[in-house]
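Descriptive structure summary
Here is how the chains run, residue by residue.
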Amino acid sequence: MLEQKYEKLVSILKDMRKVVVAFSGGVDSTFLLKVAVDTLGKEQVLAVTADSETYPTSELEEAKRLAQLIDVPHQIIETSELAIPGYTENDKNRCYFCRRSLFEHIQPILEEKGFKNVVYGVIADDLSEYRPGMRAAKEQGVRGPLQEANLFKEEIRELSKNLDLPTWDKPSFACLSSRIAYGETITQAKLTKVEKSEAFLKTLGIRQVRVRTHDDIARIEVEAQDMQKLLANHGRITEKLQSYGYKFVTMDLMGYKSGSMNRALPKI
């Protein structure tokens, strides 16, 4: 079954002939980029990464390293989510505004370099979650080959491991804005606070972490096996996160959950 899905992915990419890959350096877009290069050749593939306020510097540097590893042309563009009308208000359509802006920035690259297709790393799991960015992709004709091949995250990890990609077991990542509660205005100060807090927590040996921000409250999500690390270092963690601007520092007993902020939204 997995081999059939992989072959379907290859077939989808072959039909496109030349693709620009919206490349974040995460598990999914790295796998997509690798298969695109293996299928089409690096001359027919361009990786594009958007450098913005919501994208940590560490992730940008890793995206650069991965593009070099895969040996594919890589273009970095400067974007600003905070300048997008409607984005900083942080309502439930925030991701729609972000994706729409990203794909609009990529369009001139298509025209300049003779590409006709843009692809991104949306996957089959995303069909069961609230993903307004998918609407922006559909509106602009951007395709998600991994989703079209019905590939799920764990399958992509397995295939990535088979391809010797270092991202096969990389923790899931989402933009820093996803840490801020819906309805709270997104600011550079809040994004910086989140980035610094998560970077500190990773120094304690915690790989998968989210510092969800509810005004001046930090709600830390980690996987169950890492909760003891939070408790063992509670004093250091509290002191450090308060120095970044939080007044209250908490641990979420439900643990890490991708898209957990969506629980606060009315059922869709």
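Rules used throughout
- Residues numbered from 1 in each chain as written.
- Predicted model: local features only at pLDDT ≥ 70, side-chain atom pairs only at ≥ 80, totals over all residues.
- Heavy atoms only, no water.
- Core = buried A, V, L, I, M, F, W, Y, C linked by side-chain atoms within 4.5 Å.
- Buried < 20%, exposed > 50% of the residue type's maximum accessible area, 1.4 Å probe, protein only.
- Helix = DSSP H or I, 4+ residues; strand = E, 2+ residues; numbered from the N terminus.
- Contact = heavy atoms within 4.5 Å.
- Phe/Tyr/Trp six-rings, centres within 6.5 Å; stacked < 30°, edge-to-face > 60°.
- Salt bridge = Lys/Arg side-chain N within 4 Å of Asp/Glu carboxyl O.

The name given to the chain in an unreviewed UniProt entry is NAD/GMP synthase domain-containing protein, with the source organism recorded as Gracilibacillus halotolerans.

**Points about the nonpolar core**
Ranked by size, the top nonpolar core spans 35 residues in total, and within it Leu9, Phe31, Val45 and Leu151 carry the most contacts. For this core, the secondary structure elements donating two or more residues are helix 1 (2-16), strand 1 (19-22), helix 2 (27-40), strand 2 (45-51), helix 3 (57-70) and helix 7 (153-162). The biggest single contributor to this core is helix 2, with eight residues. Once residues within four sequence positions are removed from consideration, Leu9 is found in contact with Phe31, Leu32, Val35, Pro145, Leu146, Ala149 and Leu151. The next biggest cluster of nonpolar side chains, apart from the first, holds 25 residues, and it includes Leu176, Ile186, Leu201 and Ile206.

**Examining the environment of Ile77**
Within the fold, Ile77 resides in strand 3 (residues 74-78). Along the sequence, Ile77 and Cys98 sit 21 residues apart, while their C-alpha atoms lie 14 Å from each other. Not counting the four nearest positions on each side in its chain, Ile77 is found in contact with Val48, Thr49, Ala50, Asp51, His105, Ile106 and Ile109.

**A short note on the packing of aromatic side chains**
Scanning the model with the defined rule gives two aromatic pairs in all. With 5.8 Å between their ring centres and 70° between their planes, Tyr96 and Phe97 make a pair best called edge-to-face. The pair formed by Tyr96 and Phe97 is uniform in burial state, with each residue classed as buried. Geometrically, the ring pair formed by Phe103 and Tyr120 is edge-to-face, given 5.5 Å between the ring centres and 75° between the ring planes.

**As for the pattern of salt bridges**
Under the defined criterion, the tally for this structure stands at 18 salt bridges. A salt bridge links Lys34 to Asp38; its shortest N-O distance comes to 3.3 Å. You can see Lys34 and its partner Asp38 sitting in helix 2, four residues apart, about one turn around the helix. Assessed through its relative accessible area of 43%, Asp38 is described here as partly exposed. Here Lys229 and Asp226 are joined by a salt bridge, their closest N and O atoms 3.4 Å apart. A relative accessible area of 7% means that Asp226 is categorised as buried. A network of salt bridges, in which partner residues are shared, links Arg212, Arg219, Glu221 and Asp252.

**Here's the deal with unusual backbone geometry**
The backbone phi angle of Asn150 is positive, close to 60°, even though this residue is not glycine. Note that Asn150 resides in the loop between helix 6 (145-148) and helix 7. The partly exposed category is assigned to Asn150, whose relative accessible area is 37%. Even without glycine at this site, Asp164 takes up a positive phi of about 60°. Locating Asp164 in the fold gives a position in the loop between helix 7 and helix 8 (188-202). Judged by its relative accessible area of 66%, Asp164 is exposed.

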